[in-house]
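Understanding the architecture of this molecule
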Amino acid sequence: MSAEKINLTLKVWRQKNSEAAGALATYTLRDISTDMSFLEMLDVLNEQLLLTGEEPVAFDHDCREGICGMCGAVVNGRPHGPERETTLCQLHMRHFKSGDTLVIEPFRARAFRVVRDLVVDRTAFDAIIQAGGYVSVNVGGAPDANALPISQKNAEQAMDAAACIGCGACVAACPNAAAMLFVSGKVSQLALLPQGHPERRERALNMVKAMDGQGFGNCTNERECEAACPKAISIRHIARLNREYLKAALSGD
Amino acid sequence: MHVVRRFCGTSVGRKYIMAASGLGLALFLVVHLLGNSTIFFGATTFNSYAAHLHSLAALLRLAEIGLLLFFLVHIAFGVTLFVDNRQARPQPYAVSTSSGGRTPGSRTMFYSGLVILALLLFHLITVHFADDHGAISLLIRRHFANPWIAGFYIFGLAGLGLHLSHGLWSLWQSLGINHPLYNNLLGRGALLAALLIAGLFMAMPLLGLFWDGFLR
Ligand code: FES
């Protein structure tokens, strides 16, 4: 099957740095192969911009395989674009039609400062992980896998939670710019595994405190996060975070 | 003090407060609805229900104080959360599209809450604290015969239904109750309960407006 070629109008958010005011700039692209990924389409745009002496559009990316969590922008109002369970780098142009207008904006949240164009500073996530998203008690050497007392069900759920790539689409999609899905992924993953148990109370308290301190909003159960998550992480993990927090708030030191 | 701060001063703590106070208010609604359903059985039944209720004066005061507390907490935290959340995204999106999670109810929680508050204040002033010594059935009949008042009730109750359509599901999620075994039940149950509660309440002004035999 040979690739089709499509023509697109792009409205891309251009912003020199965090202090500068940004605005949407309009560009026209011709003959974009539908086999291209969204990021390859942006590469073509940047080559075109270089030829005309304009600054290329800055955007984050690394693996381009949907596993690192670096890429991400909001396309026509949807983080990572219109396809479910797909990162921007794995989104292909065959999902668009010739003549489409694509409005491309950075993930927007008070906690995610725009660095330049589509690049945002997501170190707020690092600060949350540093507050408790790890196991620091001595759990001994790697035991025999079959010796660990974990049910298949819990292992599966922990794995689902651990699928988070930390891209920030949940925050971008949330009408309240809340980071609950991200935080719940880590809290849930570690609460489901025996290694995470000794520190579960401090973890829940400290990670929620860090999340609030970073300026994220408050979750109101809008469910936009799980719908936008490229790894389809369920808000069931948020419910588990809530339970973990309740237990910790009532009994933690 | 630590525990108070853990609940009043954090996002997840405040979520629990909203859910718990919301659950309390929802339970009150159900009791109020059951009691008021005596309206459907005519003036005598309704008046006798009201008389019985008011004979429990001391208990009623206690319940009213508790209820007031629930309302104040729910409103105060609801408003602060709304203001906080607006500030969490200072620069809005040029294009914002739902990824498929939001519902009409979840989008409008703050505004439907305001509508409910307006109805509540109106209801308290004109019925609860009314300087009227006749039978309650006469007062209600007179009120609901007025298209402006009946219309306002219908509008307010529509707001209540919308608020409940999200709230009655959302509160379980906030309380940490979410499991594939019963998620469907909770979701549909919440919608059905919202429809039932708002619908039955709404039937009262509708009957008052269009049926001459209302509370005769
Ligand atoms: S670039 Fe790594 S997930 Fe998209």
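The structure reproduced in this document is the subject of the present report. (Residues numbered from 1 in each chain as written. Chains lettered and ligands numbered in written order. Predicted model: local features only at pLDDT ≥ 70, side-chain atom pairs only at ≥ 80, totals over all residues. Heavy atoms only, no water.)

Describing the sheet that holds strand 2 (residues 23-33) of chain A
Sheet strands pair by backbone hydrogen bonding; their relative direction is either parallel or antiparallel. Residue and element names in this part refer to chain A. Put simply, the test is: By the convention used here, strands pair only if DSSP detects at least 2 bridges between them. Numbered from the N terminus, helices here are DSSP runs of H or I no shorter than four residues, and strands are runs of E no shorter than two. It only takes one pair of heavy atoms within 4.5 Å for two residues to be counted as in contact. Whenever a helix is involved, its axis is fitted only over the stretch in contact; in every case the axis is a line through C-alpha atoms, and angles between N-to-C directions fall within 0 to 180 degrees.
With respect to topology, five strands assemble into an open sheet ordered 2-1-5-3-4, the strand pairing being mixed. In this open sheet, the two edge strands, each paired with only one partner strand, are strand 2 and strand 4 (78-79). The sheet contact formed by strand 1 (residues 5-14) and strand 5 (residues 101-105) spans four bridges and is parallel. When the bridges of strand 5 are listed, Lys11 appears paired with Val103. Contacting strand 1, strand 2, strand 3 (74-75) and strand 5, helix 1 (residues 38-51) crosses the sheet at an angle of about 105° to strand 2.

Quick word on the side chain of His163 of chain B
Residues and elements named next belong to chain B. Threshold: Under the scheme applied here, a residue whose accessible area is under 20% of the maximum for its type counts as buried, over 50% as exposed, and between as partly exposed, the area being computed with a 1.4 Å probe on protein chains only.
Mapped onto the secondary structure, His163 falls in helix 8 (residues 147-174). A residue is classified by how much of its surface remains accessible, and His163, at 16% relative accessible area, is buried. When near neighbours in sequence (up to four residues on either side) are disregarded, His163 contacts His74, Met109, Ser112, Gly113 and Ile116.

Considering the packing of aromatic side chains
For clarity, the threshold we go by: When the centres of two rings from Phe, Tyr and Trp lie within 6.5 Å, Trp using its six-membered ring, the rings pair. Their planes under 30 degrees apart give stacked, over 60 give edge-to-face, and anything left gives tilted. Two limits define a charge over a ring: the Lys NZ or Arg CZ must be within 6 Å of the ring centre, and within 35 degrees of the ring normal.
Summed over the entire model, instances satisfying the criterion amount to 12 aromatic pairs over all chains. Between Phe122 of chain B and Phe152 of chain B the ring centres are 5.2 Å apart and the planes differ by 80°, which places this aromatic pair in the edge-to-face class. Separated by 30 residues along the polypeptide, Phe122 of chain B in helix 6 (residues 109-128) and Phe152 of chain B in helix 8 bring together distant segments of the chain. Take Phe122 of chain B: its relative accessible area is 25%, and that puts it in the partly exposed class. Put simply, the rings of Phe122, Phe144, Phe152, Tyr153 and Phe214 of chain B touch in pairs and so form one group of aromatic residues. Over the ring of Trp169 of chain B we find Arg223 of chain A; its NZ or CZ atom is 3.8 Å from the centre of that ring.

Some remarks on the nonpolar core
Generally speaking, a soluble globular protein has its nonpolar side chains buried in company with each other. Here is the rule we go by: We call a set of buried residues a nonpolar core when its members are Ala, Val, Leu, Ile, Met, Phe, Trp, Tyr or Cys and they connect through side-chain atoms within 4.5 Å of each other. Each domain's extent is set by a domain assignment, obtained either automatically or from a database.
Formed by 80 residues in total, the largest nonpolar core has its most connected members in Phe125, Ile128, Val171, Met211 and Phe216 of chain A. Each of domain 1 (5-116) and domain 2 (122-250) of chain A contributes no fewer than three residues to this core. For Phe216 of chain A, the contacting residues outside a window of four places in its chain are Arg110, Ala111, Phe112, Ala124, Phe125, Ile128, Val171, Ala177, Ala178, Ala179 and Met211 of chain A together with Ala88 of chain B.

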